[in-house]
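Report on the structure
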Amino acid sequence: MNSTSADMPERGEREHLRVCADGNNLPFTNREEQGFENRIAQLLAEDMGKPLTYVWAPQIMGFVRNTLELRVCDVIMGVAAGYEFVQGSNAYYRSVYSLIVPEGSDIEITSLNDPSLQDRHIGVIAETPPVVPLRRAGASIKGYPLQVDTRVRAPVKDAIEDIVAGTTEGAVLWGPIAGYYAAQQEPALKVIPLVDDTTDAHLQYRITMGIRHGEPQWKDTLNDFIDRRQDEINAILAEYNVPLLDRHGQLIDEGARDSE
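Residues numbered from 1 in each chain as written. Predicted model: local features only at pLDDT ≥ 70, side-chain atom pairs only at ≥ 80, totals over all residues. Heavy atoms only, no water.

**Digging into the state of the cysteines**
According to the stated counting rule, one finds 1 disulfide in the structure shown. Put simply, C20 and C73 are joined by a disulfide, and their sulfur atoms are 2.0 Å apart. Taking the torsion about the S-S bond as the criterion, the C20 to C73 disulfide, at about 105°, is right-handed. Here C20, found in strand β1 (residues 17-21), pairs with C73, found in the loop between α3 (63-66) and β5 (75-80); they are 53 residues apart in sequence, far enough to count as distant. For the residue pair C20 and C73, the accessibility class agrees, reading buried in each case. (Disulfide = S-S within 2.5 Å. Helix = DSSP H or I, 4+ residues; strand = E, 2+ residues; numbered from the N terminus. Buried < 20%, exposed > 50% of the residue type's maximum accessible area, 1.4 Å probe, protein only.)

**Some thoughts on the environment of S89**
Looking at the secondary structure, you find S89 in the loop between β6 (87-88) and β7 (93-96). What makes S89 buried here is its relative accessible area of 8%. Each C-alpha atom of the pair S89 and P130 lies 26 Å from the other, and the pair is 41 residues apart in sequence. Not counting the four nearest positions on each side in its chain, S89 is found in contact with T208, M209, K219, L222, N223 and I226. (Contact = heavy atoms within 4.5 Å.)

**Structural notes on the layout of surface pockets**
Size it by volume and the largest pocket reaches roughly 1,600 Å³. For the lining of the largest pocket, the leading source of residues is β5, giving 5 residues. When its residues are assigned to classes, the lining of the largest pocket shows 31 nonpolar, 11 polar and 7 charged. (1 Å grid on protein atoms, 1.4 Å probe; cavity = no way out; pocket = protein on both sides within 12 Å on 5 of 7 lines; lining within 4 Å. Points joined across faces, edges and corners; volume = space filled by probe spheres on them. Nonpolar A, V, L, I, M, F, W, Y, C, P; charged D, E, K, R; others polar.)

**Structural notes on the packing of aromatic side chains**
As enumerated under the stated definition, the model contains 11 aromatic pairs in all. With 5.7 Å between their ring centres and 70° between their planes, F36 and Y240 make a pair best called edge-to-face. Of the two residues, F36 sits in helix α2 (residues 36-48) while Y240 sits in the segment after α7 (216-239), which places them 204 residues apart along the sequence. This pair shows no difference in class: F36 is buried, exactly as Y240 is. Note on Y92 and Y93: the rings are 5.5 Å apart at their centroids and 75° apart in plane angle, and the pair reads as edge-to-face. What makes Y93 buried here is its relative accessible area of 4%. Taken together, the ring pairs connect F28, F36, Y92, Y93, Y180, Y181 and Y240 into an aromatic cluster. (Phe/Tyr/Trp six-rings, centres within 6.5 Å; stacked < 30°, edge-to-face > 60°.)

**Brief notes about the pairing of strand β10 (residues 140-144)**
Alignment of strand β9 (residues 121-125) against β10, held across 5 bridges, turns out to be parallel. Within β10, the residue paired with H121 across the bridge is S140. In terms of handedness, the path from β9 via helix α4 (residues 131-136) over to β10 forms a crossover that is right-handed. (Pairing = 2+ DSSP bridges. Right-handed = clockwise from strand over helix to strand, strands pointing away.)

**Some details on the nonpolar core**
A general tendency of soluble globular proteins is for nonpolar side chains to be buried together. I40, Y93 and M209 are the most contacted members of the largest nonpolar core, which totals 66 residues. Per-element tally for this core: the top contributor is α7, with 7 residues. If near-sequence neighbours (up to four positions away) are discounted, I40 is found in contact with M77, Y92, M209, F225, I233, I236 and L237. (Core = buried A, V, L, I, M, F, W, Y, C linked by side-chain atoms within 4.5 Å.)

Set out below in structure tokens:
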């Protein structure tokens, strides 16, 4: 965290809702504002009665430093709770890593320590939580890079295309990505949210809106919005096939409400 930025006084009246975002990062955000985080940001702007503006930057190392800490924008949509470089709002959704396989696949697991994963060709993004349990289970892993400039590379799309082509038998990806891209295929791929995983991998995450430290009034504004508009947020997420969890880690239905 940049202490100089954090020590500056909190902004008062906001003329715009200024969002820091990656311009090529579906299903979350893109410049055409087609992602679900774009939709939620628009809902927030309308709730505030303010115009929505974006500061676009690839979400790679230095993203927070080059956007939020420079005070050129005021919120990052979609930050995992506990991320130390920002102050998080209350969680506005929870999701889980999920297994993607073709319909009719004989891989029918609920946990990443299932012995049937032995020697199965499974895609996974490098340095993400599923990697270690997949290795322990004896899966034949095909890795895809985590930190990429989304303007030139799309490892998640590569992982999906490898399933469709039969290069891999499945992939374990973050739930919102899994749900979105699996539904884009013809025929659609099957998504298995790993809510019953019994390994020690951290597969479930609470997702917040990230803001600068030392801005309690802005945090209160966001928390109030999340509390009042949770059903509408859930409905947007359901449109993008995001596996949504309640606070107990179980799948919930579209429109279900389980706020902080």
